[in-house]
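Each chain is listed here by its residues.
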Amino acid sequence: MLSPHVAECQQFPLFHEPHLDDQRLLNIIEGEWFEILYYLPWENYRVHAARYYDALYDFNMCQREASESQSQAESTSETKEEARRRLLFDRTTMQTSEEAPQILYKGEVVDLKPSTVDPMTLSPGVVPARLAGRQPKCFFGLFKSFIGTALMGFPAEPEQVHLLLTSNPSFAHVCGFSLKEKDKPPLYTVHQIPSLRKLEQFDQIMREAGLWDEIKVSEVNTNLQTGIIKKENELVGDTTHYYAYSSFETVPYEDDKGKAKKKSQSKVTKFCRCNDWSTCSHDWELTDDGAGTIVKSRTKMYWGHKASVIGLPGQGIVLDAVAVSDAASHDGQTFFPHVKKVMEQYPDLATAIKRVLYDSACNDTELKLRFKDELGVELKASFNPRRSKPITTGLPRGIAKITPYGVPVCIAGNELDYQGIRYEREKFIYEAPRQEDGTSICIGCSLRDECCNRPTQTGRTITVSFDTLPQIDPNDPPMAKRFKAIMRRRPSVERMIKRLKCDLGDDRLSKRGNESFQAYLDKTMITYHLLIRHSH
Ligand SMILES: [Zn+2]
């Protein structure tokens with residue numbers, strides 16, 4: 001039974017009939033990867049396949065042009081040292097102007113010419129007829145190989161994909177490739193396992209054409225539209241770092257006030273193959289753009305790339321992960337542009353979002369206002385007091401100290417419970433905690449004489465003036481039960497990050513530059529959302 005739409009010049013689709021062997025493999029192979037790849041609905045990726053073949057065609061044409069016209073442009077006068085400084089002051093963390101720097105990485109997608117490949121003519125094993133010469137490798141097989149690698153928990157990078165295809169016959173088989181037979185001469189067929197170079201080329205074309213990103217968005221949309229991901233009224237965010245595959249140098253510079261400073265930066269290089277870099281016309285570039293020093297604490301620093309991650313706290317599902325333009329950026333700067341991007345990308349979901357959660361890096365009054373005004377959502381950030389010492393003077397009787405978090409501790413060592421606010425008198429109210437039977441712990445306390453000293457059945461109640469606790473915002477006190485209940489959902493983002501970073505890849509990058517880093521995040525996200533759909 002063949003489709004009447006198949007043109008004569010085209011190869012007929014190879015119908016994949018469930019084979020006895022496949023059934024056996026489905027039963028014996030542990031892990032979900034085989035099942036997911038086996039049942040992958042290739043029809044959903046036809047449009048992307050067509051865009052890929054168009055991009056491949058352009059890629060081949062460009063390569064030919066490039067090799068025909070050797071560089072004859074005039075030589076540049078920029079020295080390596082000048083380039084080092086130019087690149088330093090280009091970084092988003094060096095910009096002081098009012099113009100908002102581009103905090104999040106935004107890929108430059110190569111403009112595609114009008115599409116010429118009809119998606120409906122494509123299927124596994126059927127490539128467009130236009131591509132003359134050797135038949136290209138099948139998009140569906142290549143796509144499956146990358147996603148399958150991540151499904152098995154390895155980084156979806158060409159080297160790893162190649163290793164698995166050549167060492168795991170079931171994997172190569174389910175991707176649509178056949179193994180080389182030992183006794184036969186190595187004739188080229190489209191079903192042969194692609195070489196490492198072909199895998200690298202596929203990854204590069206997918207990246208440059210913005211296809212990894214496009215497929216990622218489409219996977220998330222599918223999961224939202226089919227109800228596999230339920231709407232929630234909160235988003236949660238955080239950043240995480242990946243170890244860079246590069247080293248850095250320290251560049252000294254003077255700040256606006258003429259003060260001598262220094263900053264770690266990726267080394268400068270040229271990506272051309274000219275003999276003399278000091279005279280050729282090509283620009284100096286950073287070997288690993290986007291990499292920077294990530295400061296975790298006074299003693300912990302990493303040279304790496306930074307990603308901003310946003311998800312739904314209730315279900316613990318990641319919605320987006322984006323590379324930060326300069327890893328040295330402060331965490332408080334990345335959340336706003338990222339929430340804005342996610343809300344624009346998923347407008348249906350955006351209408352449900354009322355509140356966003358972050359750690360104390362976003363505990364900033366101005367930022368909270370910006371979220372309210374521009375996005376109409378409430379920003380809740382964990383409370384991290386700047387002061388580290390408790391308050392010990394000018395306290396009510398019987399109170400030993402008030403912690404920087406605004407919790408009074410009495411002389412018997414009990415923490416008092418926050419009750420609320422008396423706004424007109426600008427005071428916070430606290431009460432001694434109650435025992436299981438509902439009576440106050442003060443009743444049996446041996447220190448009563450030094451404290452409340454009253455024959456009352458209710459326990460000690462105190463008020464503390466707003467002025468005593470200037471670090472606490474009376475409109476959003478972190479001692480309140482409601483605040484604590486909301487913030488309890490924030491750490492779910494840490495589990496989401498672990499899933500992306502450890503279960504579906506590696507936190508040690510094997511490529512340089514933000515473009516590769518973003519593509520890596522996109523491939524991981526595609527896999528993650530396929531897994532969610534599968535286990536639903
Ligand atoms: Zn050059």
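Residues numbered from 1 in each chain as written. Predicted model: local features only at pLDDT ≥ 70, side-chain atom pairs only at ≥ 80, totals over all residues. Heavy atoms only, no water.

Draft legend 1. Representation of the overall build of the chain within the structure. Scanning the chain from N- to C-terminus turns up 15 helices and 15 strands. Within the span of the chain, comprising 536 residues, buried residues form 49% of the whole. Considering only contacts within the chain whose residues lie at least 6 apart along the sequence, 66% involve residues at least 24 apart. Counting only carbon and sulfur atoms, one obtains 50% of the accessible surface of the chain, whose full area is about 29100 Å². (Helix = DSSP H or I, 4+ residues; strand = E, 2+ residues; numbered from the N terminus. Buried < 20%, exposed > 50% of the residue type's maximum accessible area, 1.4 Å probe, protein only. Contact = heavy atoms within 4.5 Å. Areas by Shrake-Rupley, 256 points an atom, 1.4 Å probe, with all protein chains shown as cover.)

Draft legend 2. Local environment of the nonpolar core. Grouped together as the largest cluster of nonpolar side chains are 118 residues, with contacts concentrated most on Y52, Y53, F139, F143 and F371. Here the element with the most residues in this core is helix α15 (residues 514-534); it accounts for 10 residues. Residues A83, L87, V268 and L286 belong to the second largest nonpolar core, which totals five residues. (Core = buried A, V, L, I, M, F, W, Y, C linked by side-chain atoms within 4.5 Å.)

Draft legend 3. Seen up close, the packing of helix α5 (residues 139-151) against helix α6 (residues 158-167). Running from N to C, α5 and α6 point in directions that differ by 95°, and their axes come no closer than 9 Å. If you check the angle between α5 and α6, you find them roughly perpendicular. Mapping the contact onto sequence places S145, F146 and T149 in α5 and P158, Q160, V161, L164 and L165 in α6. Among the residues making up the contact of α5 with α6, the classes are represented as five nonpolar, three polar and no charged. (Axes fitted to C-alpha atoms, helices over the stretch in contact; angles between N-to-C directions. Parallel < 35°, antiparallel > 145°, perpendicular 65-115°, else oblique. Nonpolar A, V, L, I, M, F, W, Y, C, P; charged D, E, K, R; others polar.)

Draft legend 4. Inspection of helix α4 (residues 80-90) at higher detail. For α4, the full list of buried residues reads A83, R84, L87 and L88. For α4, the buried positions fall inside an angular range of 135° around the axis, keeping them on one side. Against the buried residues of α4 lie β2 (248-254), β3 (260-266), β4 (268-269) and β5 (285-286). (Arc of directions from axis to C-beta.)

Draft legend 5. Seen up close, the coordination of the zinc ion. Of the protein atoms, only C272 (SG), C274 (SG), C280 (SG) and H282 (ND1) coordinate the zinc ion, at distances of 2.1 to 2.3 Å. Around the zinc ion sit four donor atoms; with metal-centred angles ranging over 103 to 117°, the donor geometry is tetrahedral. Spacing between the donor residues of the zinc ion along the chain follows C-x1-C-x5-C-x1-H. Each member of the pair, C272 together with C280, is buried. (Donors = N, O, S within 2.8 Å, 3.2 Å for Na, K, Ca; no water. Tetrahedral: all angles 85-135°; square planar, octahedral: opposite > 155°, others 65-115°.)

Draft legend 6. The arrangement of the sheet that holds strand β14 (residues 427-431) in detail. The three strands lie next to each other as β13-β14-β15, forming an open sheet whose pairing is antiparallel. With one partner strand each, in any of the chains shown, β13 (417-422) and β15 (461-465) form the two edges of the open sheet. In this sheet, neighbouring strand axes are inclined to one another by 30° on average, regardless of whether the strands run parallel or antiparallel. Pairing of β13 with β14, which is carried by five bridges, proceeds in the antiparallel orientation. Its bridge partner lying in β14, D417 is registered against E431. (Pairing = 2+ DSSP bridges.)

Draft legend 7. The confidence of the model for the chain, seen in detail. A residue-level look at the chain finds 87% of positions with pLDDT of 70 or above and a mean pLDDT of 87. Low pLDDT (under 50) marks residues 1-9, which in the prediction has seven contacts with non-local residues, meaning those over four places away or in another chain. (pLDDT = per-residue confidence, 0-100.)

Draft legend 8. Just the side chain of S440, in detail. The residue S440 is located in the loop between β14 and β15 in this model. On the accessibility criterion, S440 (1% relative accessible area) is buried. Looking at S440, its side chain comes within polar contact range of the main-chain nitrogen of C442, at 3.1 Å. (Polar contact = N/O pair within 3.5 Å; in protein donor to acceptor, adjacent residues only side chain to side chain.)

Draft legend 9. Molecular detail of the pattern of salt bridges. All chains considered together, the criterion is met by 29 salt bridges. Between K216 and D213 there is a salt bridge; the shortest N-O distance is 3.3 Å. With K216 and D213 both in helix α9 (residues 211-225) and three residues apart, this pair spans about one turn of that helix. By relative accessible area, D213 is classed as partly exposed at 31%. (Salt bridge = Lys/Arg side-chain N within 4 Å of Asp/Glu carboxyl O.)

Draft legend 10. Summary view of the pairing of strand β11 (residues 399-402). Across three bridges, β11 lies against strand β12 (residues 408-410) in antiparallel orientation. Within the sheet, the bridge partner assigned to K401 lies in β12 and is V409. Connecting the antiparallel pair β11 and β12 is a turn made up of five residues, with G406 showing a positive phi of about 85°.

Draft legend 11. Highlighting empty space enclosed by the protein. Applying the stated rule across the entire model yields one cavity of 30 Å³ or more. Lining the largest cavity we find 16 residues, and of these C410, N414, C442, C445 and C451 sit closest to its centre. Here the lining of the largest cavity is composed, by residue class, of 13 nonpolar, one polar and two charged. (1 Å grid on protein atoms, 1.4 Å probe; cavity = no way out; pocket = protein on both sides within 12 Å on 5 of 7 lines; lining within 4 Å. Points joined across faces, edges and corners; volume = space filled by probe spheres on them.)

Draft legend 12. Layout of the pairing of β14. Most of β14 is tucked away: four of the five residues are buried. Hairpin connection, β13 to β14: the antiparallel pair is bridged by four residues, and E426 has positive phi, about 55°. In terms of strand pairing, β14 meets β15 through five bridges, oriented antiparallel. Counterpart to Y430 in the pairing with β15 is I462.

Draft legend 13. Quick look at the packing of aromatic side chains. Scanning all chains against the criterion turns up 29 aromatic pairs. Residues F89 and Y253 carry aromatic rings whose centres are separated by 5.8 Å and whose planes lie at 90° to one another, so their mutual orientation is edge-to-face. One end of the pair, F89, is in helix α4; the other, Y253, is in strand β2, and 164 residues separate them in sequence. On the basis of an interplanar angle of 55° and a centroid distance of 6.3 Å, the ring pair of Y418 and F428 is categorised as tilted. Of this pair, Y418 sits in strand β13 while F428 sits in strand β14; the two residues are 10 residues apart in sequence, bridging distant segments of the chain. Residue classification places F428 among the buried positions, given a relative accessible area of 0%. (Phe/Tyr/Trp six-rings, centres within 6.5 Å; stacked < 30°, edge-to-face > 60°.)

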